[in-house]
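Commentary on secondary and tertiary structure
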Amino acid sequence: MASKPGILTDWPWKPLGSFKYIILAPWITGSIYSIIVKDAKQWDVFNLAILPLMLWRILHSQLWISLSRYRTAKGTNRIVDKGIEFDQVDRERNWDDQILFNAILFYLGNKYFPGGSHIPIWRTDGVIITMLLHVGPVEFLYYWFHRALHHHYLYSRYHSHHHSSIVTEPITSVTHPFAEHIVYFALFSLPVSTVVFFGTGSIIAIAGYITYIDLMNNMGHCNFELIPNWVFSIFPPLKYIMYTPSFHSLHHTQFRTNYSLFMPIYDYIYGTMDKSSDTLYEISLQRKEETPNVVHLMHLTTPESIYHLRVGFPYLASKPYSSAWYLWLLWPVTLWFMMLTRIYRRTFVVERNRFHQLRLQTWAIPNFREQYHLKWQKESINNMIEEAVLEAEEKGASVLSLGLMNQGKELNRYGEVYVKKHPQLKVKLVDGSSLAVAVLLNSIPKGTTQVLLRGNLTKVAFAVAFSLCQKGIQVTVLREDEYEKLDKSLGTKSEGKLVISKSYSSCKVWLVGDDLTEKEQRKANKGTLFIPFSQFRLKNLRKDCFYHTTPAMQTPKALENVDSCENWLPRRVMSVWRIAGILHALEGWEEHECGYTISNIDKVWEACLKHGFQPLTVPTQSKS
């Protein structure tokens, strides 16, 4: 929002939210009806092309979003070396409003503008005229309109909304108040309306011109330099008629320079060219891929979780993981992504953060949760994890946190197999179990004398049970097989506090793992507090009970570039399996934390608090 919002700031269909596209229903229905009732020779091809053009524009922009976020996460050719936060994602979430707006005006123009309907597919003269009109009046008028927008009156009421994004993303290019987009459409429609009015317009000219505008807009705001130096060496005058991402990035950091649309020539003519444009261009081209200090390794959960990655849909990534209704419409794309992950068997960078002097990266392995339970997938998955470990070692990372890769002893013995296979590893492997135990122990309300432990017995479950028994808290289990495993592991160390019971009503605090059944959950007493010790959230079935998050902590403000949520956790809350790797690097601990090793719980907890990570509030009231 602008600092002093003016009239026509909000889009007219803002109250409709995600259902805003219903506005197009009458025109789309009319197009379908015309196909059904009319002969093919009578079809208005441009009218039928508006919807595909709109879908292409959305896809085009999304490809730029994903590419930009991937490239800036790696660091190669990055321009502004800062991050973005949740407020920018929220501000830019409705980037498709201008596409919807343009589609409405195209439908209206097709019906009411002279010569708007039944235009041909191609006309060479129309394409040339469109190009000339853009180079001439459009670029010139935009330059002066843009300078006017930086006058304090218009800037405070409109354009400051766009400039709130210092670090730009492709969708920053269309993040403007509604009033600005009205002027932009009038300006960019000059070439289109002219050729249509004089009968030289064509579908290719219109679609090509719109794609060109989208391409240059997205490129100019992508925050990584991609125009190679040799392009300008071959044709030096090109620097006056084509801008670069670094050229426009300076406009967002300096504000009073580089006003041009896509052709810098007017900044040269009127003396508003930023003197550091060439220098920043060269520096950005030479910037190498960033070498991380800490790598967090994760994998996809469900097939649609690909959209919740930071490189997916920005707004979905900025909310706790949930399934949006419209993702069902994307099932062909989801299926294609699933097939792609089966082919592409390498990790890829999905996010970068900075914490003080530490450079942090999150890498994703292209596998889904269910694949980790398939025995025939075990070798393939382990090979990919091993390759990621060795790649982190090669890049000079000091710590690699295994995160969701820590699926249990059946897969890789909690990461121990990699340490034994590569005994000279300098990168320290951290599975985060110690911090998970510390967080769980501090999540149990004070004064608790008895807890019920139920779920798949992992390394964390054994360690928590041991710690609770040592503290004099009774640990109750429901199943004989679980009791036997715990009793065998703890032995006399249980201090007589490990018991088996068939009663579900004796405990008000449940520590639960992955395989807690719905039937068991429904047997809990009213007011029971469920605390997951698994990395995967528990399905909340009871409105009369309390549910804690999976083991996690609130991150300090010093953690930069936090604009996406980690799975189902709230904003700026991070799982302990990820925090553990950061702590390991901050403290300079030299040992691996994998296999069956558990670090000193108190030492890990104190280090976590010392560096600003805060425990989450234990829920005291149920949510309906």
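What you see is a predicted model, and the numbers here were worked out from it, not measured in a lab.

**Thoughts on the packing of helix 1 (residues 25–37) against helix 2 (residues 45–74)**
- Helix 2 packs onto helix 1 with a crossing angle of 130 degrees between their chain directions and a minimal axis gap of 10 Å. Comparing their axes, helix 2 and helix 1 come out oblique. Between helix 1 and helix 2 lies a crossing of left-handed hand. Only N47, L48 and L51 of helix 2 make contact with helix 1, whose side of the interface consists of I28, S31, S34 and I35.
- The class makeup of the residues in the contact of helix 1 with helix 2 is four nonpolar, three polar and no charged.

**Describing the sheet that holds strand 2 (residues 348–355)**
- Within the open sheet, the six strands sit side by side as 5-4-1-3-2-13. Their pairing is mixed. Two strands lie at the open edges of the sheet, namely strand 5 (428–430) and strand 13 (559–560), each paired on one side alone.
- Sheet topology note: the strand 1 (residues 294–299)/strand 3 (residues 358–365) ladder contains six bridges and is parallel. Looking at strand 3, one finds that V294 is bridged to L360.
- Docked against the sheet, helix 2 engages strand 2 and strand 3, running at close to 55 degrees with respect to strand 2.
- Across the sheet, helix 16 (residues 378–395) lies against strand 1, strand 3, strand 4 (399–401) and strand 5, angled at about 160 degrees from strand 3, the strand it touches most.

**Re the UniProt feature "transmembrane region" (unreviewed entry) in the protein chain**
- UniProt tags residues 18–36, 126–145, 182–210 and 325–344 as "transmembrane region" (unreviewed entry).
- Within residues 325–344, the helical portion is 65% and the strand portion 0%, while the C-alpha atoms at the span's ends are 28 Å from each other.

**Quick look at a negative patch on the surface**
- Taken together, E480, D481, E484 and D487 make up a surface patch of like negative charges.
- One can find D481 in helix 21 (residues 480–490).
- We classify D481 as partly exposed; its relative accessible area is 40%.

**What to know about the UniProt feature "domain: Fatty acid hydroxylase" (unreviewed entry) in the protein chain**
- Within this structure's numbering, the places UniProt gives as "domain: Fatty acid hydroxylase" (unreviewed entry) are residues 132–272.
- In residues 132–272, the share of helix is 66% and the share of strand is 0%. The end C-alpha atoms are 24 Å apart.

**Thoughts on helix 20 (residues 459–470)**
- For helix 20, with twelve residues, the first-to-last C-alpha span of 17 Å sits near the 16 Å given by 1.5 Å per residue.
- Among all positions of helix 20, only K459, V460, A461, A463, V464, A465, S467, L468 and C469 are buried.
- Structurally, helix 20 contributes buried residues whose contacts are with helix 19 (433–443), strand 6 (450–454), strand 7 (474–477), helix 21, strand 8 (498–500) and strand 9 (509–512).
- G472 sits one or two positions beyond helix 20 and adopts a positive phi of about 85 degrees.

**A word on the packing of helix 2 against helix 8 (residues 203–220)**
- Relative orientation of the contacting elements helix 2 and helix 8 amounts to 15 degrees, with a least axis distance of 11 Å. What the angle tells us is that helix 2 and helix 8 run roughly parallel. For the pair helix 2 and helix 8, the sense of crossing is right-handed. On the side of helix 2, the interface is formed by V45, F46, A49, L53, W56, R57, H60, S61 and W64, while helix 8 contributes I203, I206, A207, I210, T211, D214, L215, N218 and M219.
- For the contact of helix 2 with helix 8, a count of residues per class yields twelve nonpolar, four polar and two charged.

**Describing the pairing of strand 2**
- Burial within strand 2 is extensive, with seven of its eight residues counted as buried.
- As paired strands, strand 2 and strand 3 are joined by seven bridges and run antiparallel to one another. Bridging across to strand 3, N353 finds its partner in L360.
- Between the end of strand 2 and the start of strand 3, which pair antiparallel, lie two residues, with H356 showing a positive phi angle near 55 degrees.
- Judged from the two bridges that link them, strand 2 and strand 13 form a sheet pairing that is antiparallel. Its bridge partner lying in strand 13, R354 is registered against E560.

**Details of the domain arrangement of the protein chain**
- Under the domain assignment used here, the protein chain contains domain 1 (14–286), domain 2 (294–434 + 561–615) and domain 3 (445–554).
- The centre of domain 2, based on its C-alpha atoms, is set 25 Å off from the matching centre of domain 3.
- Each partner contributes residues to the interface: domain 2 has 33 residues there, and domain 3 has 16 residues.
- Here domain 2 meets domain 3 over a buried area of about 2000 Å², counting both sides, of which 63% is carbon and sulfur.
- Linking domain 2 with domain 3 are one salt bridge.
- Put simply, D431 and K459 hold a salt bridge, and the shortest N to O gap is 2.6 Å.
- Taken together, the connections running from domain 2 to domain 3 amount to eight residue pairs in polar contact (both at pLDDT 80 or more).
- Of all the secondary structure elements, the ones that give two or more residues to the side of domain 2 that touches domain 3 are strand 14 (573–575), helix 23 (576–587), helix 24 (601–610) and strand 15 (614–615).
- Grouping the amino acids of the side of domain 2 that touches domain 3 by side-chain chemistry returns 18 nonpolar, eleven polar and four charged.

The rules behind the values
Residues numbered from 1 in each chain as written. Predicted model: local features only at pLDDT ≥ 70, side-chain atom pairs only at ≥ 80, totals over all residues. Heavy atoms only, no water. Axes fitted to C-alpha atoms, helices over the stretch in contact; angles between N-to-C directions. Helix = DSSP H or I, 4+ residues; strand = E, 2+ residues; numbered from the N terminus. Parallel < 35°, antiparallel > 145°, perpendicular 65-115°, else oblique. Left-handed = near helix turned anticlockwise from the far one by under 90°. Contact = heavy atoms within 4.5 Å. Nonpolar A, V, L, I, M, F, W, Y, C, P; charged D, E, K, R; others polar. Pairing = 2+ DSSP bridges. UniProt positions renumbered as here; feature names shortened; annotations may be inferred. Patch = residues over 30% accessible without salt bridge, like charges linked within 9 Å, V, L, I, M, F, W, Y side chains within 5 Å. Areas by Shrake-Rupley, 256 points an atom, 1.4 Å probe, with all protein chains shown as cover. Salt bridge = Lys/Arg side-chain N within 4 Å of Asp/Glu carboxyl O. Lys, Arg positive; Asp, Glu negative; His and termini not counted. Charge placed at Lys NZ, Arg CZ, Asp CG, Glu CD. Buried < 20%, exposed > 50% of the residue type's maximum accessible area, 1.4 Å probe, protein only. Expected span 1.5 Å × (residues − 1). Domains from an automatic or database assignment. Buried area = accessible area lost by both parts, 1.4 Å probe. Polar contact = N/O pair within 3.5 Å; in protein donor to acceptor, adjacent residues only side chain to side chain.

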